[in-house]
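# A structural walkthrough
Here's the letter readout for the chains.
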Amino acid sequence: MRRWLVAPLAVLALVALVGCGESLDDAEPEVGATQVTVEDNEFSARVIQVPPGTEVTWTWDANNDHNVVGDGFQSDAQQDGTFAHAFADPGTYDYRCTLHGSMTGRVIVAAD
Ligand SMILES: [Cu+2]
């Protein structure tokens, strides 16, 4: 690739990444929330923080199918109903709706 092309392409790639929406790292965690609403097309709250051993419940309020898929937990694709998962160990658990790439969420499990 020609050298003069590299810098503009790098800038374009960065703009494209940032344009994908607010990153999970930038979202303010809702501390102590154990309920997440699954909407068209986002999780609310998007980032929550709970103590170890907490059961988190996702409740669907949607007109289209969505699921909750993370490392060690997975719901069905559904439009209503609930899904619950207990987080025993501290850590950061990212999850997504596999039907909609922009639907991402995070559960932070921390003692405080
Ligand atoms: Cu979805």
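These remarks concern the structure in this document. (Residues numbered from 1 in each chain as written. Predicted model: local features only at pLDDT ≥ 70, side-chain atom pairs only at ≥ 80, totals over all residues.)

### Quick notes on the overall build of the protein chain
Here is the rule: Secondary structure elements are taken from DSSP: a helix is a run of H or I of four residues or more, a strand is a run of E of two residues or more, and numbering for both begins at the N terminus. Whether a residue is buried, exposed or partly exposed is read from the other C-beta atoms within 10 Å of its own C-beta, which are placed from the backbone; 20 or more gives buried, 12 or fewer gives exposed, and intermediate counts give partly exposed. Contact criterion: two residues are in contact if their C-beta atoms, reconstructed from the backbone, are within 7 Å.
Check the secondary structure of the protein chain and you find one helix and ten strands. Starting at the N terminus and ending at the C terminus, the protein chain contains elements arranged as α-β-β-β-β-β-β-β-β-β-β. By residue count, 19% of the 112 residues in the protein chain fall in the buried class. Taking the intrachain contacts of the protein chain between residues at least 6 apart in sequence as the baseline, contacts between residues at least 24 apart amount to 45%.

### Some words on the nonpolar core
Definition in use: We call a set of buried Ala, Val, Leu, Ile, Met, Phe, Trp, Tyr and Cys residues a nonpolar core when their C-beta atoms link them within 7 Å.
Ranked by internal contacts, the top residues of the largest apolar core, which has 15 residues, are Val36, Val38, Ile48, Val50, Val56, Val68 and Val107. At the level of elements, strand E2 (35-39), strand E4 (47-50), strand E5 (54-60), strand E9 (91-97) and strand E10 (100-109) are the ones that each hand at least two residues to this core. Residue contacts for Val36: discarding those within four places in its chain leaves Phe43, Ser44, Ala45, Ile48, Val56, Trp58 and Gly105.

### Describing the sheet that holds strand E7 (residues 73-74)
Here is the rule we go by: The pairing criterion is simple: DSSP has to find at least two bridges between the two strands.
Spatially, the six strands line up as an open sheet ordered E1-E4-E10-E9-E6-E7, and their pairing is mixed. Two strands in the sheet have a free side with no partner beyond their single neighbour: strand E1 (30-31) and E7. In terms of strand pairing, E1 meets E4 through two bridges, oriented parallel. Bridging across to E4, Val31 finds its partner in Gln49.

### A short note on the sheet that holds E2
The condition that has to hold: Here, axes are lines fitted to C-alpha atoms. For helices the fit covers the stretch in contact, and angles between N-to-C directions go from 0 to 180 degrees.
The four strands are arranged E3-E2-E5-E8 in an open sheet whose pairing can be described as mixed. Only two strands of the sheet have a single partner each, and these edge strands are strand E3 (42-44) and strand E8 (82-87). With direction set aside, neighbouring strand axes in the sheet form an average angle of 25 degrees. The pairing of E2 with E5 spans four bridges and is classified as parallel. Considered in E5, the bridge of Val36 is made with Trp58.

### Comments concerning the environment of Asn67
The topology assignment puts Asn67 in the loop between E5 and strand E6 (69-70). In sequence terms Asn67 and Phe83 are 16 residues apart; their C-alpha atoms lie 9.3 Å from each other. Beyond its immediate sequence surroundings of up to four residues, Asn67 is in contact with Gln74, Ser75, Asp76, Ala77, Cys97, Thr98 and Leu99.

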